[in-house]
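The primary structure of each chain is shown beneath.
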Amino acid sequence: MIILKSDYFSTHERLSRFINENHIKREDILVITQVPGSFTILFYADDSVQEITHGMFS
């Protein structure tokens, strides 16, 4: 089942690595936000698939 997932990152390099290593498609990214010191990504993905890399709180 496709669900909405999210993760947090301390740098844009870590966010880019997450997107690339987990093969997240552009059309599956709902939004990427930035606040001082943190990036957040909301994306659609299969609930049964575990991400290879994780954000800063994983």
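Numbering of residues begins from 1 in every chain and follows the order in which that chain's sequence is written. Given that this is a predicted model, residues contribute local features only at a pLDDT of at least 70 and side-chain atom pairs are listed and counted only at 80 or more, while totals for whole chains, interfaces and linings are drawn from all residues. Working from all heavy atoms in the structure, the side-chain values ignore hydrogens and water.

Enquirer: Any chance you could explain the sheet that holds strand S2 (residues 29-35) here in plain terms?
Expert: Across a sheet, strands are paired by hydrogen bonds formed along the backbone, either parallel or antiparallel in direction. Note on pairing: DSSP must find at least two bridges between two strands before they are called paired. Helix and strand definitions follow DSSP, with helices as H or I runs of at least four residues and strands as E runs of at least two, each counted in order from the N terminus. Taken together, three strands build an open sheet; the order of strands is S1-S3-S2 and the sheet is antiparallel. Since the sheet does not close on itself, it has two edges, and those belong to strand S1 (2-9) and S2, each with one partner. Recorded for the sheet is a direction-independent mean angle of 20° between the axes of neighbouring strands. Here S2 runs beside strand S3 (residues 38-46); their pairing, made up of six bridges, is antiparallel. If you follow valine 35 over to S3, its bridge partner there is serine 38. Contacts between residues were defined by any pair of non-hydrogen atoms, one from each residue, lying within 4.5 Å. Interaxial angle, 0 to 180 degrees, is taken between N-to-C directions of lines fitted to C-alpha atoms, where a helix line uses only the stretch in contact. Along the sheet, helix H1 (residues 12-21) contacts S1, S2 and S3; its crossing angle with S3, the most-contacted strand, is approximately 10°.

Enquirer: How do you make sense of the side chain of threonine 40 when you look at a structure like this?
Expert: As for its placement among the helices and strands, threonine 40 is situated in strand S3. With residues up to four places along the chain from it excluded, the contact list for threonine 40 reads Asp7, Tyr8, Val31, Ile32 and Thr33.

Enquirer: Honestly, the layout of surface pockets in this entry has me stumped. Any pointers?
Expert: Empty space among the atoms becomes visible once a probe the size of a water molecule is rolled across them. Grid points spaced at 1 Å over the protein atoms alone were grouped into cavities, where a 1.4 Å probe fits but cannot get out, and pockets, open sets with protein on both sides within 12 Å along at least five of seven lines, with lining residues defined by an atom within 4 Å of a point. Grid points are joined across faces, edges and corners, and a volume is the space filled by probe spheres set on the points. For the largest pocket, the calculated volume is near 230 Å³. As for the largest pocket, its lining consists of 15 residues, of which Asn22, Ile24, Ala45, Asp46 and Val49 are closest to the centre.

Enquirer: What am I meant to see in H1 here?
Expert: Residues three or four positions apart in an α-helix share a direction because the helix packs 3.6 residues into each turn. Burial status follows relative accessibility: with a 1.4 Å probe on protein chains alone, a residue under 20% of its type maximum counts as buried, one over 50% as exposed, and anything between as partly exposed. Every buried residue of H1 is accounted for by Leu15, Phe18 and Ile19. Considered in projection along H1, the buried side chains sweep an arc of 95° and stay on one side of the axis. Positive backbone phi, approximately 55°, marks histidine 23, located one or two places after H1. Here the arc refers to the set of directions running from the helix axis out to each C-beta atom.

Enquirer: Is there a simple way to explain the nonpolar core in this structure?
Expert: Proteins that are soluble and globular tend to have nonpolar side chains buried together. As used in this record, nonpolar core signifies buried Ala, Val, Leu, Ile, Met, Phe, Trp, Tyr and Cys residues forming a set joined through side-chain atoms within 4.5 Å. Core analysis: the biggest nonpolar cluster contains nine residues, these being Phe9, Leu15, Phe18, Ile19, Ile24, Phe39, Ile41, Phe43 and Ala45. Of all the elements in the fold, those that place two or more residues in this core are H1 and S3. Top contributing element to this core by residue count: S3, with four residues. Setting aside residues up to four positions removed in sequence, isoleucine 19 forms contacts with Ile24, Ile29, Ile32 and Ile41.

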